[in-house]
Structure formats: C-alpha cells, structure tokens
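An overview of the molecular structure
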Amino acid sequence: MKLYHQPRTRSARVRWMLAELGVPCDVQPIDVFAGDGRKPDYQQTVHPHGFVPALEDDGTVLIESAAICMYLADRYADGRLAPKPGTIERGKYYEWMVYVPATADPCLETIMFHTLFLPEPKRIPALVDRAKKTWASKIEPRFKAQLAKTPFILGETFTAADVLVGGSLTWAKMAGVLGDDPALARYIDALTARPAFVEGHR
Ligand SMILES: N[C@@H](CCC(=O)N[C@@H](CS)C(=O)NCC(=O)O)C(=O)O
C-alpha cells in the first residue's frame with residue numbers, strides 16, 4: 001500500500017486513519033506546494049487533478065480523503081471504526097463523511113485561499129466574509145450541538161467520522177475561525193492526544 005502524501009493537507013487524515021488501524025503503508029511525499037502535483041506523470045498515473053491524498057492498494061489508486069477513509073475502515077478495521085452497513089447509524093456515518101468534504105471543507109478552503117494561499121491581488125475579502133459567516137452561523141453549530149451531547153461525533157466511540165470531523169475542526173483552528181466552545185475544545189484535545197493523530201501528523 002502506498003500513500004501519496006503532503007503534511008498539513010487533507011492527506012494527513014488518511015495518514016492518521018492508517019495509524020489508527022496500524023496498517024503498514026509506504027508514504028510517498030508529494031510536495032504539492034512546490035509543484036510536484038503538476039508533473040504529468042503524477043497526474044496521469046496517480047491523481048488526475050495533481051492533488052493529495054491518493055492511496056494505492058491492490059494495484060488500484062483511490063482518491064478523495066473521505067472515500068479512502070471509508071474504504072480503509074471497511075477493509076481493515078474489522079467493524080471497529082464504522083457502524084454496520086444497513087443500519088441507521090451507518091446512515092449518520094455517511095452523513096458526516098460526506099458533510100465534511102461537501103460542506104465544511106469548501107468553506108474553510110475559501111477562507112484559507114483568500115487569506116493565505118492566493119497572491120494578495122487575487123484575494124477577495126467579500127468571499128472570506130461570507131465563508132466566515134457560513135462557518136460561524138451554520139457549520140460550526142452543527143458540530144457543537146452534537147459534541148455537547150456525546151464525546152465523539154457518532155456517539156460514545158471513536159469512528160472514522162472523527163478523523164474527518166477532527167481533520168476539519170483542526171483546519172478551522174489553523175484558519176483562526178474556530179469559536180471558543182468547551183465541547184469543541186474538549187473534542188479537539190481528546191483527538192490530538194491520540195497517538196495515531198500524532199503519528200499521522202508527523
Ligand atoms: N476533496 C479532496 C480535496 C483534495 C485537495 O484539494 N487536496 C489539496 C491539499 S489539501 C491539494 O492537493 N492541493 C494541491 C493543489 O491545489 O495544487 C479530498 O478530500 O481528498
């Protein structure tokens with residue numbers, strides 16, 4: 001198995017997930033910030049957009065951090081990190097696994113791009129204002145409401161959904177938009193103290 005990886009990006013979620021599972025994996029660094037992702041060979045054989053993460057397993061390459069984490073949980077966690085297929089708990093698991101990349105990540109990405117990554121003349125402050133409003137009024141309250149009730153996003157036990165939600169919340173903290181809330185702080189402290197989190201973010 002091989003993970004195409006760049007620290008401090010969404011491939012850290014996959015590296016964290018692999019560490020939770022204790023599955024050995026070669027890590028192939030792809031410096032997307034230095035343009036490694038734009039090399040034709042990488043785009044033709046690994047990731048069609050030149051992004052990370054990508055995971056090669058059994059001779060097949062998978063992309064999309066949430067899809068990779070769901071695959072790894074099903075294949076290597078022996079029922080530990082995801083609810084049973086066909087249950088309503090599994091439905092809720094899918095909800096969070098999709099909510100993060102479909103709704104939370106794009107909002108944070110807008111904030112990061114228009115405050116940090118893009119050259120200054122290309123940054124659009126109105127987009128940042130709108131995304132910050134969406135984060136604070138819609139997205140963060142959803143995480144907060146659940147985490148005020150249960151230690152993990154699906155309830156009493158840690159699942160792959162916490163890798164996605166934890167990844168998004170630590171990104172929000174990095175972007176400086178995470179609100180001051182005891183439930184969120186307790187959750188982030190608990191996740192970042194996990195040895196697998198530390199291993200995944202080396
Ligand atoms: N939805 C994808 C997003 C992948 C993505 O955008 N990766 C970023 C790093 S977080 C990347 O590789 N960017 C390189 C670039 O923009 O050239 C996922 O969750 O895997």
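As shown above, the structure is provided for reference.
Residue positions within a chain follow its written sequence, with the count starting from 1. Reporting in this predicted model follows two pLDDT cut-offs: at least 70 for local features of residues, and 80 or more for side-chain atom pairs to be given and counted; totals over whole chains, interfaces and linings ignore these cut-offs and use all residues. Excluding hydrogens and water, the side-chain values take into account all heavy atoms of the structure.

Quick look at the layout of surface pockets now. Using a grid of 1 Å spacing that covers the protein atoms alone, one calls a set of points a cavity when a 1.4 Å probe fits there but cannot get out, and a pocket when the set is open and has protein on both sides within 12 Å along at least five of seven lines; lining residues are those with an atom within 4 Å of a point. Grid points are joined across faces, edges and corners, and a volume is the space filled by probe spheres set on the points. Counted as a void, the largest pocket has a volume near 860 Å³. Lining the largest pocket are 26 residues, and of these R10, V32, F51, E109 and F113 lie nearest its centre. Inspection of the lining of the largest pocket shows a minimum of three residues originating in each of domain 1 (2–76) and domain 2 (88–194). Within this model, the second largest pocket holds a volume of roughly 250 Å³. What lines the second largest pocket is a set of 14 residues, among which R8, T9, T170, M174 and H201 lie closest to the centre. The helix count covers DSSP runs of H or I at least four residues long, the strand count covers runs of E at least two residues long, and both are numbered beginning at the N terminus. The set of elements that each furnish at least two residues to the lining of the second largest pocket consists of α1 (11–21) and α6 (160–174). Looking at which element gives the most residues to the lining of the second largest pocket, the answer is α6, with 5 residues. Amino acid classes used here: Ala, Val, Leu, Ile, Met, Phe, Trp, Tyr, Cys and Pro are nonpolar; Asp, Glu, Lys and Arg are charged; the rest, including Gly, are polar. Its residues placed into classes, the lining of the second largest pocket shows 7 nonpolar, 4 polar and 3 charged. What marks off one domain from the next here is an automatic or database domain assignment.

Relative to the 33 Å expected for 23 residues at 1.5 Å per residue, helix α5 (residues 125–147) spans 31 Å between its end C-alpha atoms, a close match to the ideal helical length. Buried within α5 are the following residues: V128, A131, W135, I139, E140, F143, Q146 and L147. Here the buried face of α5 lies against α4 (88–117), α6 and α7 (182–192). Multiplying one less than the number of residues by 1.5 Å gives the expected span of a helix. Note on classification: 1.4 Å probe, protein chains only; a residue is buried when its accessible area is under 20% of the maximum for its type, exposed when over 50%, partly exposed between these limits. Residue contacts follow a heavy-atom distance rule, with two residues in contact if any of their heavy atoms lie within 4.5 Å.

The next point concerns unusual backbone geometry. For the peptide bond that leads from V52 to P53, omega is 0°, which places it in the cis range. Within the element layout of this structure, P53 appears in the loop between α2 (40–45) and β3 (54–57). Positive phi, normally seen in glycine, also occurs at E64, with a value near 80°. Relative to the elements of secondary structure, E64 occurs in the loop between β4 (60–63) and α3 (65–76). Positive phi values are uncommon outside glycine, yet D78 reaches one of about 55°.

On to the sheet that holds β3, then. With mixed pairing, the 4 strands of this open sheet are ordered in space as β2-β1-β3-β4. If you trace the sheet from one side to the other, it starts and ends with β2 (26–29) and β4, each paired once. Strand after strand, the sheet turns through a mean of 20° between neighbouring axes, direction not considered. Where strand β1 (residues 2–5) lies against β2, 4 bridges are found, and the strand directions are parallel. Note on β2: the bridge partner recorded for H5 is P29. To obtain an axis, a line is fitted to C-alpha atoms, over the contacting stretch when the element is a helix, and the angle between two such axes runs from 0 to 180 degrees between their N-to-C directions. Strands in contact with α1 are β1, β2 and β3; relative to β1, the strand with the most contacts, it is inclined by about 145°. Two strands are said to pair when DSSP picks up at least two bridges between them.

Keep in mind these numbers describe shape, not what the thing actually does.
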